[in-house]
Amino acid sequence: MVQDVNETIDVLSIFRDGRIQPVRFKWGGRTLKVSRIAYSWVTKDGAHPQYHFSLLAGSRDVYEVVFDTFKMIWLLARVHLQ
Amino acid sequence: MNRADAGIHDGRKRRIIFHIDMDAFFASVEQVCDPALQGKPVMVCGGLDKRTVVAAAAYPAREYGIRSGTPLAVARVKCPDGVFIEGDPEKYVYTCLRLNMIFEDFSPIVERYSIDESFIDVTDSVHLFGGPVEMARRIKRRVRDELGLTRSLGIGGNKLLAKMGSKLEKPDGLTVIMEEDVAAKLHPLPVGKLFGVGGRTERKLRMLGVETIGQLACQSERRLQQLFGVTGPMLARAANGIDDSPVITDVEQPPVKSVGNGYTLNRDTRDREVLDRVLLALCAKVGRRLRKGRHAGRTVTVKVRFFDFTSITRGRTEEQPLDLDKEIYEISRDILDRIARRDAIRMLGVSVSNLIHGSRSRQRSLFDHVYWNKYRKAIGAVDSVRDRYGERSLVWGRLVRRSRREATDDDAERPKAVSGFLYPEAKR
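The structure presented is a predicted model; accordingly, all values stated were derived computationally and were not measured. (Residues numbered from 1 in each chain as written. Chains lettered and ligands numbered in written order. Predicted model: local features only at pLDDT ≥ 70, side-chain atom pairs only at ≥ 80, totals over all residues. Heavy atoms only, no water.)

J.: How should I be thinking about the overall build of chain B in this particular structure?
T.: A count of helical and extended segments in chain B gives 16 helices and 14 strands. Across the 428 residues that make up chain B, the buried fraction comes to 49%. Partitioning the intrachain contacts of chain B with sequence separation of at least 6 by distance along the chain shows that 65% fall at a separation of at least 24. About 21100 Å² of surface is accessible on chain B, with carbon and sulfur atoms providing 52% of the total. (Helix = DSSP H or I, 4+ residues; strand = E, 2+ residues; numbered from the N terminus. Buried < 20%, exposed > 50% of the residue type's maximum accessible area, 1.4 Å probe, protein only. Contact = heavy atoms within 4.5 Å. Areas by Shrake-Rupley, 256 points an atom, 1.4 Å probe, with all protein chains shown as cover.)

And the structure:
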């Protein structure tokens, strides 16, 4: 079931070679390890890019997280718990 | 090396065009984002609680008879176990841009035909990649490796043949139709499969006894002109695989002819307050798009679709071109007032045509120029804020929710599809 979350979260990520790679994030009192970045895409809100990641973590759960470059925050947009 | 790979036809260099058609594009992107959806009947829609249609159906959903354009309500009945996903247009636009960047690594002549279809003229670069078929395989491989998507690719001696080729084998197909293949590969197909033949033309052709593309190819251009007017000779040429149209890159595209937006309400309504608000949201969207593209237009058209799916379209042409939200809104509202029928409305649309490019709206009368000059400056400032902070940073006051209660009662009429005017709640 897909659930809209829209919560700011802490994400441990690697910034390397002009790319962002989320590695772990905290949500609901748990630290989740990213097993795979299924897809990533970029949108713009005004002049500020927002980096979206569809992450696989946990068993087969999918988390959409967004790095907002204007507010400099990570957002958990929605989750798809299998 | 097959004939397409030879690159020579009748002693002269032949055109080689690729047509790339992403398979169930939006649904495929969603399946890449969420691998658990692979193999499931995924359907991407405009919204899940709305009177919308399926924008893309994955192949398992098509087995239930669901296609792009199937109403959501019908799709839910036909495929109760379907996975319905609200579409994310920005994600698909981004993916489309990434795809075209890959294509441009193979040839600079790329035409973005639609969000999920592109033509590539590879005539002058095909020799660098080991011939058309090897080049096509490389493109498919890169799209799969970098984006995880599958696509059907048609290779042809022109755009028509390439497009027909990409439709022949789906999903993940690779089909070559050169000029010499037309009789064998194209002519046996039903006439409805020919690019450019819609449902009405197909029915008319079948009534005339024309069942296959080959039978259409045998008809004289003169006869087809008598039956179909100017499109008749084009049909005859298409049936013979003839098409000289060039692949048109973004910079070569002709200027837009009109800018418009439409919105289907969540429930039919006669409530003028609601309709005016939707109209304002549409006019604001159209105005913003006009100004962004540096267009201004003289004709404002309003389209109204009623509860029974009958439509009325009315327009008005002004002396001076317009691009300001308020100007467009005032004229649109006036047009809506003059539509005498008072039945419940299902859909509203606003468009501005008769465009002058590189222009902006001009003074409308001698007496109100001070007001309009001030208004233009204010809208210019609003546009600057939106350019920097996003479309939702400033919205018309009438479009802002006043309370959660109002959001519940009235949310259906607040057009989320008019993106950029997403109605943040006002703080009390």
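Still more ground to cover, so stick around.
J.: How do you make sense of the interface of chain A and chain B when you look at a structure like this?
T.: How large an interface is tends to be reported as the accessible area lost when its parts come together. Between chain A and chain B, the residue contacts involve 19 residues of the former and 20 residues of the latter. When residues of chain A are sorted by the area they lose upon contact with chain B, Tyr 39, Trp 41 and Asp 45 of chain A head the list and together hold 37% of the total. Taken together, chain A and chain B are joined by zero salt bridges. Counting across the chain A and chain B interface gives six residue pairs in polar contact (both at pLDDT 80 or more). Among the secondary structure elements, those contributing two or more residues to the side of chain A that touches chain B are strand S3 (30–45) and strand S4 (48–57) of chain A. It is S3 of chain A that provides the largest number of residues to the side of chain A that touches chain B, a total of nine residues. (Buried area = accessible area lost by both parts, 1.4 Å probe. Salt bridge = Lys/Arg side-chain N within 4 Å of Asp/Glu carboxyl O. Polar contact = N/O pair within 3.5 Å; in protein donor to acceptor, adjacent residues only side chain to side chain.)

J.: Help me out: how do you make sense of the layout of surface pockets in this one?
T.: With a probe scaled to a water molecule rolled over the atoms, the places where space remains empty come into view. Residue and element names in this part refer to chain B. The volume enclosed by the second largest pocket comes to roughly 640 Å³. Along the walls of the second largest pocket sit 25 residues, with Asp 21, Arg 62, Lys 167, Lys 170 and Lys 193 positioned nearest its centre. Put simply, the parts of the chain that give the lining of the second largest pocket at least two residues each are strand S3 (17–22), helix H2 (25–33), strand S5 (54–57), helix H3 (59–62) and helix H7 (159–168). It is H7 that contributes the most residues to the lining of the second largest pocket, four residues altogether. When its residues are assigned to classes, the lining of the second largest pocket shows 14 nonpolar, three polar and eight charged. (1 Å grid on protein atoms, 1.4 Å probe; cavity = no way out; pocket = protein on both sides within 12 Å on 5 of 7 lines; lining within 4 Å. Points joined across faces, edges and corners; volume = space filled by probe spheres on them. Nonpolar A, V, L, I, M, F, W, Y, C, P; charged D, E, K, R; others polar.)

J.: Teacher, can you tell me more about the side chain of His 295 of chain B here?
T.: Position of His 295 of chain B relative to the elements: it lies in strand S12 (residues 295–306). Within polar-contact distance, the side chain of His 295 of chain B engages the backbone oxygen of Gly 293 of chain B at 3.3 Å.

J.: Would you mind going over helix H14 (residues 325–338) of chain B with me for this structure?
T.: An α-helical turn contains 3.6 residues, so any two residues separated by three or four positions project in the same direction. All names here are of chain B. Look at H14: 20 Å from first C-alpha to last across 14 residues, which is about the 20 Å you get at 1.5 Å a residue. Residues Asp 325, Glu 327, Ile 328, Tyr 329, Ile 331, Ser 332, Ile 335 and Leu 336 constitute the buried set of H14. Those residues of H14 hidden inside the fold are in contact with helix H13 (272–292), S12, strand S13 (311–322), strand S14 (345–357) and helix H15 (369–389). (Expected span 1.5 Å × (residues − 1).)

J.: Honestly, the packing of aromatic side chains in this entry has me stumped. Any pointers?
T.: Two numbers describe a pair of aromatic rings. These are the distance of the centres and the angle of the planes. In this structure the tally under the stated criterion is 13 aromatic pairs over all chains. Geometrically, the ring pair formed by Phe 15 of chain A and Phe 67 of chain A is edge-to-face, given 5.9 Å between the ring centres and 75° between the ring planes. Here Phe 67 of chain A lies in strand S5 (residues 61–68) and Phe 15 of chain A lies in strand S1 (residues 2–16), a separation of 52 residues in the sequence. Look at Phe 15 of chain A and you get exposed, because its relative accessible area is 53%. You can call Phe 67 of chain A buried: its relative accessible area is 8%. Here the aromatic rings of Phe 25 of chain B and Phe 26 of chain B are separated by 5.6 Å at their centres, their planes lie at 50°, and the arrangement is tilted. Among the residues examined, Phe 25 of chain B registers a relative accessible area of 2% and is labelled buried. (Phe/Tyr/Trp six-rings, centres within 6.5 Å; stacked < 30°, edge-to-face > 60°.)

J.: How should the nonpolar core be read in this particular structure?
T.: The nonpolar side chains of a soluble globular protein tend to be buried with one another. By size, the foremost hydrophobic cluster in this structure holds 41 residues, and its most contacted members are Phe 18, Phe 103, Ile 139 and Ile 155 of chain B. Of all the secondary structure elements, the ones that give two or more residues to this core are S3 of chain A together with S3, H2, strand S4 (42–45), helix H5 (89–104), helix H6 (132–147) and strand S9 (151–156) of chain B. The contacts of Phe 18 of chain B, once residues within four sequence positions are left out, are Ser 118, Phe 119, Ile 120, Val 122, Pro 132, Met 135, Ala 136, Ile 139, Leu 153, Gly 154, Ile 155 and Ala 162 of chain B. (Core = buried A, V, L, I, M, F, W, Y, C linked by side-chain atoms within 4.5 Å.)

J.: Just to check I follow, could you spell out the packing of H5 of chain B against H6 of chain B for this structure?
T.: The description of two helices packed together rests on the angle between their axes and the distance between the axes. Residues and elements named next belong to chain B. Taken N-terminus to C-terminus, the directions of H5 and H6 make an angle of 140°; their axes are 10 Å apart at the nearest point. Classified by the angle between their axes, H5 and H6 sit oblique to one another. Considering only the axes of H5 and H6, their crossing is right-handed. Between H5, through Thr 95, Arg 98, Leu 99, Ile 102 and Phe 103, and H6, the contact on the second element is made entirely by Ile 139, Arg 142, Val 143, Glu 146 and Leu 147. (Axes fitted to C-alpha atoms, helices over the stretch in contact; angles between N-to-C directions. Parallel < 35°, antiparallel > 145°, perpendicular 65-115°, else oblique. Left-handed = near helix turned anticlockwise from the far one by under 90°.)

J.: Help me understand the sheet that holds S13 of chain B in this model?
T.: Within a sheet, adjacent strands bond to each other through the backbone by hydrogen bonds, running parallel or antiparallel. Residue and element names in this part refer to chain B. Within the open sheet, the four strands sit side by side as S11-S14-S12-S13. Their pairing is antiparallel. At either end of the open sheet lies a strand with only one pairing partner, and these are strand S11 (258–269) and S13. The average angle at which neighbouring strand axes cross in this sheet is 15°, direction not considered. As paired strands, S12 and S14 are joined by eleven bridges and run antiparallel to one another. For Thr 301, the partnering residue across the bridge sits in S14 and is Ser 351. Contacting S11, S12, S13 and S14, H13 crosses the sheet at an angle of about 160° to S11. Contacts between H14 and the sheet are confined to S12, S13 and S14, with S13 contributing the most and set at about 140° to the helix. (Pairing = 2+ DSSP bridges.)

J.: Is there a simple way to explain empty space enclosed by the protein in this structure?
T.: Residue and element names in this part refer to chain B. This structure, assessed with the given rule, holds one cavity of 30 Å³ or more. Space inside the largest cavity adds up to approximately 50 Å³. Of all the secondary-structure elements, those providing two or more residues to the lining of the largest cavity are S3, H5 and strand S8 (117–121). Tallying contributions element by element places H5 first for the lining of the largest cavity, with four residues. Partitioning the lining of the largest cavity into residue classes produces six nonpolar, two polar and two charged.

J.: For this particular structure, what's the right way to read the state of the cysteines?
T.: Covalent bonding between the sulfur atoms of two cysteines defines a disulfide. Residues and elements named next belong to chain B. This structure, assessed with the given rule, holds zero disulfides over all chains. A disulfide-free cysteine, Cys 45 has its sulfur positioned 11 Å from the sulfur of Cys 79, the nearest such atom. A relative accessible area of 2% means that Cys 45 is categorised as buried. Given the relative accessible area of 0%, Cys 79 is considered buried. (Disulfide = S-S within 2.5 Å.)

J.: Is there a simple way to think about H15 of chain B in this case?
T.: Residues and elements named next belong to chain B. Taking 1.5 Å of rise per residue, the 21 residues of H15 would be expected to cover 30 Å, and the 30 Å separating its terminal C-alpha atoms lies within 8% of that figure. Of all the residues in H15, the buried ones are Trp 372, Tyr 375, Arg 376, Ile 379, Asp 383 and Arg 386. For H15, the buried positions fall inside an angular range of 105° around the axis, keeping them on one side. In H15, the exposed positions angled more than 90 degrees off the buried face are occupied by Lys 374 and Lys 377. Looking at the packing, one finds that the buried side of H15 touches H13 and H14. Gly 390, located one to two residues past H15, shows a positive phi value of around 105°. (Arc of directions from axis to C-beta.)

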